[in-house]
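Residue-level structure breakdown
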Amino acid sequence: MLKKFILIYSMLALTLLFAISEPQIKSVMGQKVQEITTLLQDKSLEKESKQNSVYAIIDSIFDYRIMSKVSLGKQWKNFTEKQKEEFIAKYEYKLKASYFDKLELYTDEKVLIKEIEKVKSNRIKVHSDIIGKDDTYEIIYKFYKAKESSNWLIYDVEITGVSIIQTYRKQFSEFLRSKSIDKLIESL
Amino acid sequence: MKQTVLIVLTILLLSACSHKNIHPRTATEKSSLSQEDSFDDEFESEFETTKEVSDPLIGYNRAMTSFNDTIYIYAYNPISKGYAFLVPELGRIGISNFFDNLKFPINFSNNILQLKFDHSIKELGRFMINSTVGILGFIDVASYLGVEPHEEDFGQTLGYYGVGSGFHIVLPFLGPSNLRDALSLSADVALSPISYTGQEYQIPRNFEETMAVQTAYYVNKNSLHLGEYESLKKDALDYYLFFRDAYEQKRDREIEK
């Protein structure tokens, strides 16, 4: 039990420590993927502690606030501060749970970090492949550079060409066309 | 292979959201051109550019999605699970490789039609290596040797020449598609060794055999992707919209490649 806590907290401490700068992106991503793979394949860990450790790893590079904002698009401005906070919390939970859920399906598969593509001065795409049982899936992590800190954070993930944020954007805007913001938060 | 994954995986879903039309809120805020705004606008324009999916058949599509979902949950998935229990994974991967290898005529000719001659030569190389050294395609030796697949179908060929996707349409059993892709299916079926259109090299000799072979193909495929459909469906607020948009985005990406 104690071992698990130490593991989780040391990982948490480790990941919080660093802000990623541009030249580090590839190596940091490679390292994080390696950490996650090792965790998932560790049969001695309970599902819950695996999950918490994975969350700790991704929390430091995923920007849930930007994800929420972009997913809601123009509707964001119609949210009260309280609704925004509630939404971000629930959406963050959903994104993480769904990410972990997928990871569990691909426990034994190999991940390759391929190239880094600089789209423009404040956008970078990290291309990677998951080598599955009978297929290879292309996964693109999209980073943006935060204005003040010049820290690079992930604002979207694209799986075989499907943008997670884009698909949620469509669903949210469709939902809000006929239902209220509170209903949306509730249904997340 | 990539293109079939989602199609197979997404052998479809339910829906039935009743829509009441309420006027969307009008944004009253005036945008001052602060830095914050231009920062947000950058994201806004990045995600806004994606085209709207044309969906005049939405009523039918939702109904068909729900039909396919039922088929998936009560027939296709349990059969695949039973099959996965009986046949070891290694065998199922071999069978999947065997079927993939048979897509050679489709991949080869569509690469040529798109003037991707280097890719068509690689496909030819893969077919020759896998059919011989790879024992009738059961072992994907070519991939080990670094000769990666370049799959193309006729829908992608049409897209390559600028044919738009047309409206979205959900096919029975096969799942999400659009006008362009649904119509171009027949071109691929005509070439496919696992369908029956009178070619010498085709495996099935009649309609029943075609159905049997195709069922084997899809069940085997799904047995290697158990749980994925459920996991994706769980993520969505409205899974008809989710699978619809995911399909269209994925196809755009495949055509772009």
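Criteria and cut-off values
- Each chain has its residues counted from 1, following the order in which its sequence is written.
- As a convention, the first chain written is A and the first ligand written is 1, with the rest following in written order.
- In keeping with the model being predicted, local features are shown solely for residues with a pLDDT of at least 70 and side-chain atom pairs are shown and tallied solely at 80 or more, while totals for entire chains, interfaces and linings include all residues.
- Under the DSSP-based scheme used, a helix requires at least four consecutive residues in state H or I and a strand at least two consecutive residues in state E, with every element numbered from the N terminus.
- Each residue is classed by its C-beta neighbour count within 10 Å, where at least 20 other C-beta atoms makes it buried, 12 or fewer makes it exposed, and intermediate counts make it partly exposed; the C-beta atoms are placed from backbone geometry.
- What counts as a contact is two residues whose backbone-derived C-beta atoms lie within 7 Å of each other.
- Here, axes are lines fitted to C-alpha atoms. For helices the fit covers the stretch in contact, and angles between N-to-C directions go from 0 to 180 degrees.
- Orientation labels follow simple angle bins: below 35 degrees gives roughly parallel, above 145 gives roughly antiparallel, 65 to 115 gives roughly perpendicular, and whatever is left gives oblique.
- Here, any two strands with at least 2 DSSP bridges between them count as paired.
- The handedness criterion is simple: a crossing whose near helix is rotated anticlockwise from the far helix by less than a right angle is left-handed, and one whose near helix is rotated clockwise is right-handed.
- Residue classes follow a fixed rule: Ala, Val, Leu, Ile, Met, Phe, Trp, Tyr, Cys and Pro count as nonpolar, while Asp, Glu, Lys and Arg count as charged, and any other residue, Gly among them, counts as polar.
- Definition of nonpolar core: a set of buried Ala, Val, Leu, Ile, Met, Phe, Trp, Tyr and Cys residues joined via C-beta atoms within 7 Å.
- Multiplying 1.5 Å by the helix residue count minus one yields the expected span of that helix.
- By construction, the arc corresponds to the directions joining the helix axis to the C-beta atoms.

**Examining the overall build of chain B**
What chain B contains, in helices and strands, is twelve helices and two strands. Walking chain B from its N terminus toward its C terminus, one meets helices and strands in the order α-α-α-α-α-α-α-α-β-β-α-α-α-α. Evaluated residue by residue, chain B yields a buried proportion of 38% over its 257 residues. Pairs at least 24 residues apart make up 69% of the contacts formed inside chain B by residues separated by at least 6 positions.

**Points about the overall build of chain A**
Counting secondary structure elements, chain A contains seven helices and five strands. In chain A, the order of α-helices and β-strands from amino to carboxyl end is α-α-α-α-α-β-β-β-β-β-α-α.

**Some words on the packing of helix α3 (residues 58-86) of chain B against helix α10 (residues 207-223) of chain B**
Residue and element names in this part refer to chain B. Where α3 contacts α10, the two axes come as close as 8 Å, and the packing angle between them is 75°. Classified by the interaxial angle, the pair formed by α3 and α10 is roughly perpendicular. For the pair formed by α3 and α10, the contact residues are Tyr 76, Ile 79, Ser 80, Tyr 83 and Ala 84 on the first element and Val 219, Asn 222 and Ser 223 on the second.

**A few points about the pairing of strand β2 (residues 123-131) of chain A**
All names here are of chain A. In this sheet, β2 lies alongside strand β1 (residues 110-120) in antiparallel orientation, the contact comprising eight bridges. If you follow Lys 118 over to β2, its bridge partner there is Ile 124. In this antiparallel pair of consecutive strands, β1 and β2, the connection spans two residues. Count of turn residues in the β2/strand β3 (residues 136-145) antiparallel hairpin: four residues.

**As for the packing of helix α3 (residues 47-59) of chain A against helix α5 (residues 81-105) of chain A**
All names here are of chain A. Between α3 and α5, the shortest axis-to-axis distance is 11 Å and the interhelical angle comes to 115°. Crossing handedness for the pair α3 and α5: right-handed. Listed contacts from α5 to Gln 51, Val 54, Tyr 55 and Ile 58 of α3 are Lys 96, Tyr 99, Phe 100 and Leu 103. The residue makeup of the contact of α3 with α5, split by class, is six nonpolar, one polar and one charged.

**Some words on the environment of B:Leu171**
All names here are of chain B. Its place among the elements puts Leu 171 in strand β1 (residues 168-171). Sequence-wise, Leu 171 and Tyr 161 are ten residues apart; in three dimensions their C-alpha atoms are separated by 24 Å. Not counting chain neighbours up to four residues away, the residues in contact with Leu 171 comprise Ser 177 and Ala 182.

**Overview of the interface of chain A and chain B**
Of the residues lining the interface, 30 residues belong to chain A; the matching set on chain B comes to 37 residues. Mapped by element, the contributors of at least two residues to the side of chain A that touches chain B are α4 (64-72), α5, β5 (162-163) and α6 (164-178) of chain A. Looking at the side of chain A that touches chain B element by element, the count peaks at eleven residues for α6(A).

**Considering the nonpolar core**
Note on soluble globular proteins: their nonpolar side chains tend to be buried together. With 28 residues, the main nonpolar core has A:Ile25, A:Val126, A:Phe143, A:Leu153, A:Ile154 and A:Tyr155 as its most contacted residues. Every residue in contact with A:Phe143, bar those within four places of it in the chain, is listed here: A:Ile25, A:Ile124, A:Val126, A:Trp152, A:Leu153 and A:Ile154. In this structure, B:Tyr240, B:Phe242, B:Ala246 and B:Tyr247 belong to the second largest nonpolar core, which totals eight residues.

**A word on helix α2 (residues 25-41) of chain A**
Residue and element names in this part refer to chain A. For α2, which comprises 17 residues, the first-to-last C-alpha distance of 24 Å matches the rise-based estimate of 24 Å (1.5 Å per residue) to within 8%. Along α2, the residues that are buried comprise Ile 25, Met 29 and Leu 39. When α2 is viewed along its axis, its buried side chains cluster within an angular range of 95° and face the same direction. What points out from α2, more than 90 degrees from its buried face, is the exposed set Ser 27, Gln 34, Thr 38 and Gln 41. Where α2 is buried, its residues meet α3, β1, β2, β3 and β4 (152-159).

**Remarks on unusual backbone geometry**
Here the phi dihedral of A:Thr160 falls at roughly 40°; this positive angle occurs in a residue that is not glycine. Relative to the helices and strands, A:Thr160 is located in the loop between β4 and β5.

**Concerning the sheet that holds β3(A)**
With respect to topology, five strands assemble into an open sheet ordered β1-β2-β3-β4-β5 (chain A), the strand pairing being antiparallel. Where the open sheet ends on each side, the last strands, each with one partner, are β1 and β5 of chain A.

Purely geometric numbers; function is a separate question.
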